[in-house]
Amino acid sequence: KASRGDLVASDDFQKRLIRNSFDGIIAADAEGTVTIFNRVAAQLTGYTHEEVVGRKDWRIFFEDGLEKAMDTPRTWERVRRVRGFPPRESAVKRQDGQLVDVQLSGISLYERGQHIGRVFFVQDLREIHRLKEELIQSERLAATGQAAASISHSLRNIIDGAGGGLYVFRHGRRLGDDEKMETGLEMIERNV
């Protein structure tokens, strides 16, 4: 009874862990039939747990060619083989046909040398991509603001120089000083 109770408690813990993970988890048996499909996987794909588990093949969610990636050796331990691929950007196919940008990793599971299934870990990248786009946009706006400030400063210097030349010219005209008038005109011409 104690062993059975420990086994049930362990099983419950694992189920809660999978169900409440922040990442989508999709597991399939050796034939490809989905056996685990958590809440995040359902949100990402638009399918319900009931529509998928025991009824759908894992291949409907991912790009072609993942089987080869799933067979890539990850460790060379004598006791167990671990094959799969590390996190990479990919896409998940939704029920409505749309693609969702995700970070995807996968592991092929073996027991006593026999392939028993696959597990995929899926992380939604839409919010991260949105934040990156916002950052790029704000950097563009900041660069535009800096360029406008620089142009404004340059124009102000030119206008101030021309205004100074006009002041020197008028002052020289009032005094009847041809040399000051010539200096003022040169300042105006230089700024124009």
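Everything in this summary refers to the structure shown in the same document. (Residues numbered from 1 in each chain as written. Predicted model: local features only at pLDDT ≥ 70, side-chain atom pairs only at ≥ 80, totals over all residues. Heavy atoms only, no water.)

## Here's the deal with the packing of aromatic side chains
So, step 1. Following the criterion strictly, the structure yields six aromatic pairs and no others.
So, step 2. By the ring-pair criterion, three or more aromatic residues cluster together here, those being Phe-37, Tyr-47, Trp-58, Phe-61, Phe-62 and Phe-120.
So, step 3. The positively charged end of Arg-88 is found above the aromatic ring belonging to Phe-85, 4.5 Å away from the centroid. (Phe/Tyr/Trp six-rings, centres within 6.5 Å; stacked < 30°, edge-to-face > 60°. Lys NZ or Arg CZ within 6 Å of the ring centre and 35° of its normal.)

## Brief notes about a nonpolar patch on the surface
So, step 1. Taken together, the side chains of Ile-151, Leu-155, Ile-158 and Ile-159 make up a nonpolar region of the molecular surface, amounting to roughly 390 Å² of accessible area.
So, step 2. One can find Ile-151 in helix H5 (residues 126–175).
So, step 3. According to the relative accessible area criterion, Ile-151 is exposed, its value standing at 53%. (Patch = residues over 30% accessible without salt bridge, like charges linked within 9 Å, V, L, I, M, F, W, Y side chains within 5 Å. Areas by Shrake-Rupley, 256 points an atom, 1.4 Å probe, with all protein chains shown as cover. Salt bridge = Lys/Arg side-chain N within 4 Å of Asp/Glu carboxyl O. Helix = DSSP H or I, 4+ residues; strand = E, 2+ residues; numbered from the N terminus. Buried < 20%, exposed > 50% of the residue type's maximum accessible area, 1.4 Å probe, protein only.)

## What about the nonpolar core?
So, step 1. With 23 residues, the main nonpolar core has Ile-26, Phe-37, Phe-61, Phe-62, Leu-66, Leu-104 and Phe-120 as its most contacted residues.
So, step 2. Going through the elements one at a time, strand E1 (24–29), strand E2 (34–37), helix H2 (39–45), helix H4 (66–70), strand E4 (82–93), strand E5 (99–111) and strand E6 (114–124) are the ones with two or more residues in this core.
So, step 3. Here this core gets four residues from one element, more than from any other, and that element is H2.
So, step 4. Ignoring anything within four residues of it in the chain, the contact list for Phe-120 reads Gly-24, Ile-25, Ile-26, Trp-58, Phe-62, Leu-66, Met-70, Phe-85, Leu-104, Ser-105 and Gly-106. (Core = buried A, V, L, I, M, F, W, Y, C linked by side-chain atoms within 4.5 Å. Contact = heavy atoms within 4.5 Å.)

## Some thoughts on the side chain of Ser-105
So, step 1. Along the chain, the position of Ser-105 falls in strand E5.
So, step 2. Classification of Ser-105 by relative accessible area gives buried; the value is 14%.
So, step 3. Aside from chain neighbours lying at most four places away, what touches Ser-105 is Phe-85, Pro-86, Pro-87, Val-119, Phe-120 and Phe-121.

## As for the pattern of salt bridges
So, step 1. The full count for this structure, using the stated rule, is four salt bridges.
So, step 2. A salt bridge links Glu-63 to Arg-88; its shortest N-O distance comes to 3.7 Å. Residue Glu-63 is found in the loop between helix H3 (49–52) and H4, and its partner Arg-88 is found in strand E4; the two are separated by 25 residues along the sequence.
So, step 3. Under the relative-accessibility criterion, Arg-88 is labelled partly exposed at 31%.

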